[in-house]
Structures are given as structure tokens and as C-alpha cells.
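# Commentary on secondary and tertiary structure
Here is how the chains run, residue by residue.
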Amino acid sequence: MTDRRHRRPLPLGGEDGLPFSKGLMARALMGCGISTDRAYEIAMAAEHDIGASGRDAISLERLEEIAQGALGAEDGRSAMRRLRRFQDLYELDLPIILLIGGATGTGKSSVATDVAYRLGITRVTSTDFVRQTMRAFFSREFMPAIHFSSFEAGRAMADEDADPSEAVLDGFLEQTRDVLVGVTAAIDRALQEGWSMVLEGVHLVPGMLPPIENALVVQCVLAIEDTEAHASHFWIRDTDSEGMRPYEKYLEAFDDIRLVQDYILGRAAKHGVPVVSNGSIEEAIVEVMELVLNAAEPLRVQG
């Protein structure tokens, strides 16, 4: 038997729960979308309060007082509302399927990994991983689009007299339709086993995935409005991959990448999918966490 998420009671201490832990409390606070600095500020204040009182536990009510003292009344109350909502999320008997789309270089994998950690979800994958797997089974002659990058497929397969912009989008959409066959199979398998999953990738185009049932489904799209900030992400990819993802490759195709982003954003507006601006990765993570908590709240009320 496997659990859909790593469930943990709030580490408030006492006989009925986990011993109080500053680190676990900070993680719980981070899990509900509170920034790392603020989470540790509250956790350290709670640790000091427990030590000064001689108790081995802290109540949610006292924790809220501490949060208000550390963050101010309004921010403290907001933090505790999030913590209670985060705990309520685990009362729902549904797996979570979180879909994070967006163009190349918008920080999808970084946000997906961090959010999955905060939610206790261990299955994290990408549509590029699905595409790479499909390459092993389908030759270029049979399924050509999957053998190129998402922003390269159109130009690589187009006729010489084709409109360049149309070719880029046509190739991207052909590849997306192919890859989503594998993505749908991966989601179906996770749901059959009752597992939650975080899936990220450029191919998660709003409106193109079939409906997903018997799960809490949250979809969003990451975007970077500023072109210089977007381009700078490729320097980071180059460095982190030790040259396996060279900056020059993406810089040469940057206009095509931005074209794909514009298309995805248009689809998001059409289908009512939230767009998260990734000007700050910490703020983007918090916003995605908030989307999950907001999606879960009406289901909890119905239950």
C-alpha cells in the first residue's frame, strides 16, 4: 500500500503529535505558501516561546499570536489561515494533479520541484521526459515532431516557402498532440494507483489535455514578461547543466520561444487558466501554492 502524499500532522509537540521541531514547523509553514524567511522567523519564535514556558508543545492559538507578533497582525492572521487550509488539504481523499505549463525557460521545473516538496508529493515529471521516452519507441520517420525541441520542430519540418511564424506554431502543436498521448497515459497510471503528481512542461497547453476525473486538478501557466529576464534564465540553464543546455542554442531561437509563450498565454486566457508571473521564483511558488489551496477549499466545504 502506498500513500498518495507524505502525510504529517502539524509538529506542534505534545503526546498526540510530533515533537516540536523548528525545521518541521518551518517546512509546514512553507508548505502553505509562506516564504522561507518568514516561515523560519515564526518557527524560531515558537521554539523560543516553548523553551521560555517550559512546555513541550504549542497550540495553534498561541502559534497565531506568535505569528502576529513576528509578522504583524494582518500578515500573521493570513499565515495561520494558510496553515489551517494546508492541513485541511490532507483531509481530502483525492490525489492532487498539478499541471505547470509555460514556454521554455520560464522556470517550470524549479517551481514544480519546490511545490511538490512542500505538498509532500514524490512523483514529479516533465513532458520533456515523456517526449524523450517516446523517442525511443517511435522513429523520426513515423513521428518526426518529437525528435526536435518544442521551438525547433516547426522550422525543421516546414517547407521552404512556409511562413516562419506559422511553421513554428504548427510544429509545436503537432509535437504537443503527440506528447500529450504519453502524458495522458502517465496521469491515468498515477490515478489508478491513487498517487498525486506534479507535471510540468511546455506541452501542457490549456485546453489540449482531456478532462481528468477523480482528482483535485490544478493547472497554471508560468510566464516571464520581461525579455531580458527571460533570456537570463538560459544562462542559468547553461551553467546548471554544465554546458549540456547551451545558452547560444536558446538565444538563437529566442524569438520563436517568445512566440510559443504568446500562443500559450492566449490559450490560457481563452480557457481561464491562471497565469503566474515568474519575476521572482519565491513569489511564483507562493502563488502556485495558493492556487492549490484555493482549489481544495470548496471540496473540503462540500465534504
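Okay, so let's go over this structure. (Residues numbered from 1 in each chain as written. Predicted model: local features only at pLDDT ≥ 70, side-chain atom pairs only at ≥ 80, totals over all residues. Heavy atoms only, no water.)

## Focus on the overall build of the chain
To be explicit about the condition: Each helix is a run of DSSP H or I of at least 4 residues and each strand a run of E of at least 2, with the numbering of both proceeding from the N terminus. The classification of residues rests on relative accessible area computed with a 1.4 Å probe and restricted to protein chains. Under 20% of the type maximum is buried, over 50% is exposed, and intermediate values are partly exposed. Contact definition: two residues touch when any of their heavy atoms are within 4.5 Å. For every accessible area listed, the method is Shrake-Rupley and the probe measures 1.4 Å; residues are considered covered only by the protein chains on display.
Within the chain, the regular secondary structure consists of twelve helices and five strands. Of all 303 residues assigned to the chain, the portion counted as buried reaches 47%. Within the chain, contacts between residues at least 6 apart in sequence are counted, and of these 72% link residues at least 24 apart. Within the structure as shown, the chain displays about 15100 Å² of accessible surface, and the carbon and sulfur contribution to it stands at 50%.

## Overview of the pattern of salt bridges
Selection criterion: Salt-bridge detection follows one rule: a side-chain nitrogen of Lys or Arg within 4 Å of a carboxyl oxygen of Asp or Glu.
Throughout the structure, instances matching the rule amount to 13 salt bridges. Notably, a salt bridge pairs Arg-62 with Asp-49, separated by 2.6 Å at the nearest N-O pair. Note that Arg-62 is positioned in helix α3 (residues 60-71) and Asp-49 in helix α2 (residues 36-53), a separation of 13 residues in sequence. The exposure class assigned to Arg-62 is partly exposed, which follows from its relative accessible area of 31%. Residue Asp-49 is classed as buried on the basis of its relative accessible area, which comes to 13%. Among the ionic pairs, Asp-128 bridges to Arg-131, the shortest N-O distance being 3.2 Å.

## Some points on the side chain of Arg-85
Using the following cut-off: Any pair of nitrogen or oxygen atoms within 3.5 Å is treated as a polar contact; in protein, a donor-acceptor pairing is required on top of that, and neighbouring residues in sequence qualify only through side-chain atoms on both sides.
Position of Arg-85 relative to the elements: it lies in helix α4 (residues 73-89). Within the local environment of Arg-85, its side chain forms a polar contact with the side chain of Asn-294, the two groups lying 2.5 Å apart. Other than its neighbours up to four places away in sequence, Arg-85 contacts Glu-290, Leu-293, Asn-294 and Glu-297.

## Regarding the nonpolar core
Our working rule: Nonpolar cores were defined as sets of buried Ala, Val, Leu, Ile, Met, Phe, Trp, Tyr and Cys residues, with membership established by side-chain atoms within 4.5 Å.
Counting 49 residues, the largest nonpolar core has Leu-63 and Ile-100 as the members making the most contacts within it. Looking at this core, the elements that each hand over two or more residues are α1 (22-31), α2, α3, α4, β1 (96-102), α5 (108-119), β4 (216-223) and α12 (281-302). Residue contributions to this core peak at eight residues, all from α12. Each residue touching Leu-63, except ones within four places of it in the same chain, is listed here: Leu-12, Met-25, Ile-42, Ala-46, Ile-58, Met-80 and Leu-83. Judged by nonpolar contacts, the second largest core, of 17 residues, contains Ile-97, Met-134, Ala-190 and Leu-204.

## A word on the pairing of strand β3 (residues 197-200)
For clarity, the cut-off: DSSP-based pairing: two strands are paired if at least 2 bridges between them are found.
Neither face of β3 is left uncovered, since the one carrying Met-197 and Leu-199 and the one carrying Val-198 and Glu-200 both have all their residues buried. Looking at chain direction, β1 and β3 are connected through four bridges and run parallel. By the bridge assignment for β3, Leu-98 is matched with Val-198. As paired strands, strand β2 (residues 124-126) and β3 are joined by three bridges and run parallel to one another. Within β3, the position partnered with Val-124 by the bridge is Val-198.

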